[in-house]
Number of protein chains: 2
Amino acid sequence: MTSLYREIKRQLIADIANGVVAPGAALPNETDLARRFNVSIGTLRRAVDELVADHILVRQQGRGTFVGLQDRDRFMFQFFRIEGRDGLREFPQLSMQNFAKGRATPAEARQLGLSGTPSVFRIENVLTLQGQPVIFDRIVISAQLYGGLTQAQFEQRKGTIYELYQTDFGITIVDADERVRIEPADAQSAQHLGLAEGDAVLHIERVAHTVDGQVAEFRISTVNTQTHDYVVRARGKR
Amino acid sequence: MTSLYREIKRQLIADIANGVVAPGAALPNETDLARRFNVSIGTLRRAVDELVADHILVRQQGRGTFVGLQDRDRFMFQFFRIEGRDGLREFPQLSMQNFAKGRATPAEARQLGLSGTPSVFRIENVLTLQGQPVIFDRIVISAQLYGGLTQAQFEQRKGTIYELYQTDFGITIVDADERVRIEPADAQSAQHLGLAEGDAVLHIERVAHTVDGQVAEFRISTVNTQTHDYVVRARGKR
DNA sequence: AAGTGGTCTAGACCACTTG
DNA sequence: AAGTGGTCTAGACCACTTT
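Below you will find a few notes about this structure. (Residues numbered from 1 in each chain as written. Chains lettered and ligands numbered in written order. Predicted model: local features only at pLDDT ≥ 70, side-chain atom pairs only at ≥ 80, totals over all residues. Heavy atoms only, no water.)

**Description of the relation of the copies chain B and chain A**
Selection criterion: Our superposition of the copies is a least-squares fit, built on the C-alpha atoms of residues whose pLDDT is at least 70 in both. In what follows, residue pairs with any heavy atoms lying within 4.5 Å of each other are defined as contacts.
For the pair chain B and chain A, the superposition axis carries a translation of 0.0 Å, the fit reaches an RMSD of 0.1 Å, and the rotation angle comes to 180 degrees. Such values leave the two copies arranged in the relation of a two-fold axis. Relative to the rotation axis, the closest C-alpha in chain B is found at Ala200(B), a distance of 3.2 Å. Of the interface residues in chain B, 100% have counterparts in chain A that sit at the interface too, so the contact is made through matching surfaces.

Below, the structure is given as structure tokens:
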């Protein structure tokens, strides 16, 4: 039923999730790994192949195999789907509007896969593209998972938010589900996006997962699509 | 530079694109294929692996490897992203509103990757979910690519539209890019979706590609998201 | 029983990066 | 030069489907 290479894949995922191999760190070379798991190098490679396909590991010929690092490039190509009407993909400038600790609503708890009314951090950001505010993000994350997170830590971070999750908490976001619909802008969204309350905005609910499938973030993005689109590209390259 | 398995992959794609192996037909078995290409079975499998990952080929243990067929299941999981707010995924009921032949606008020609003002078919459909009209589709396809297509042929087809493309014209859609934004409903969309003209609707532009990367369809979908969402799921399974 | 794909082995040699 | 991943081989045996 369960093949060898799947078992190896699971063990590698467990090692990454438990921080046995740190983000950015190199794995042992393939012959050593194969020996350690008592499999041939072909079988070891098959397990690593799939983790590379999922962007969890990154191979570099001549250098080694590394745990995928969250950086701007990865964020832009894997998680950021907003681009100009003309196809221009620009890294957004982020401005934090609010940082607070509180109790999750029942809906938020459900999205986070938690029971009861757990303690959460709420972070609100405006994302600017080409000088114009385009996206208003409301992020909800478990206070237990991100224990000790402070506003200063958030503001003084370098790089993306997902990079902060990874470097400061060992949490690597590897994929996300999104649900998109139209909603009338609430007062807050309207203000941040330069719209009138009730104007139609794109409402995106994102549930982001770690390497071992746990929910590590719930985010509602509100987007003004007057000049930008939400873009989904085909997987394959060919 | 170009590895053996990539070359084999390209040859297999060419065979599929040229109809050398028909949709639904079985490929020769792996040992025969490997012999034909003068490679080991491992190398042959690597090429086929990638085509299976792209849903171009389908393997069935004990039976064979087949050119992927367009059916409801494939359409629902690969191309249809609209689902109920509660997560219910339902196959839409389709009602054709219009079928016409005409000249492409410059914008349409550009999306189709054609020059000038080529002859095109325009097909308009209303898609109904749970008894309510939710999606209004405007499809534009090259009259040259789909030579001889008739309204009767379209209306009397069995299965999905992509199944018609495949069985009647040998055109297999394998992936699609989509751009999503909010637009005010025009008179026609509003009427079909039971909205007032100017109401905000989700506007989706889809460019669909064949196995060899050619554009085979341009489609604008207009969606009423009052009860349904546009959903993007994470790739990996784990 | 015969035929198919699925997994696995134990190497070999090549391409690339680094010291 | 040494170490890494990238490609490829020529088998073996297993799991599944069909006849």
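We are not done yet, so read on.
**Structural notes on the side chain of Thr210(B)**
Residues and elements named next belong to chain B. Applied cut-off: Here a strand is any run of E in DSSP of at least two residues, a helix any run of H or I of at least four, and the numbering for each starts at the N terminus. Three labels apply to residues, based on accessible area from a 1.4 Å probe with only protein chains included: buried if under 20% of the type maximum, exposed if over 50%, partly exposed otherwise in between.
Secondary-structure assignment places Thr 210 in strand E8 (residues 200-210). For Thr 210, a relative accessible area of 9% translates into the label buried. Apart from the residues lying within four places of it in its own chain, the contact partners of Thr 210 are Ile 171, Thr 172, Val 174 and Ala 216.

**Regarding the protein's contact with DNA strand D**
Where we set the bar: Residues are classed as near a molecule or strand on a simple rule: at least one heavy atom within 4 Å of it. Pairs of N or O atoms are called polar contacts if they sit within 3.5 Å, as long as, within protein, a hydrogen donor faces a hydrogen acceptor (for residues adjacent in sequence, only side-chain-to-side-chain pairs). Three classes are used: nonpolar for Ala, Val, Leu, Ile, Met, Phe, Trp, Tyr, Cys and Pro, charged for Asp, Glu, Lys and Arg, and polar for all others, with Gly counted as polar.
In the vicinity of DNA strand D there are 23 residues, among which Arg59(A), Leu4(B), Ser40(B), Thr43(B) and Arg46(B) approach most closely. When atoms of DNA strand D within 4 Å of the protein are sorted by moiety, sugar and phosphate together comprise 78%. Glu30(A) is positioned such that a nitrogen or oxygen atom in its backbone is 3.0 Å from a phosphate oxygen of DNA strand D. Of all the secondary-structure elements, those providing two or more residues to the surface near DNA strand D are strand E1 (57-60) and strand E2 (64-67) of chain A together with helix H1 (4-17) and helix H3 (41-53) of chain B. Looking at the surface near DNA strand D residue by residue, the class counts come to four nonpolar, twelve polar and seven charged.

**Some words on the packing of helix H1 (residues 4-17) of chain A against helix H3 (residues 41-53) of chain A**
Residues and elements named next belong to chain A. Note the cut-off: A fitted line through C-alpha atoms serves as each axis, taken over the contacting stretch for helices, and the angle formed by two N-to-C directions is quoted from 0 to 180°. By definition in this entry, angles of less than 35 degrees are roughly parallel, angles greater than 145 are roughly antiparallel, angles of 65 to 115 are roughly perpendicular, and the rest are oblique. The crossing is said to be left-handed when, going from far helix to near helix, the turn is anticlockwise and less than a right angle, and right-handed when the turn is clockwise.
Packing of H1 against H3 leaves a shortest axis separation of 8 Å and a crossing angle of 55 degrees. Taken together, the axes of H1 and H3 lie oblique to each other. In the packing of H1 onto H3, the handedness of the crossing is right-handed. In this structure, H1 uses Leu 4, Tyr 5, Ile 8, Lys 9, Leu 12 and Ile 13 to contact H3, whose residues at the interface are Thr 43, Leu 44, Arg 46, Ala 47, Val 48, Glu 50 and Leu 51. By residue class, the composition of the contact of H1 with H3 is nine nonpolar, one polar and three charged.

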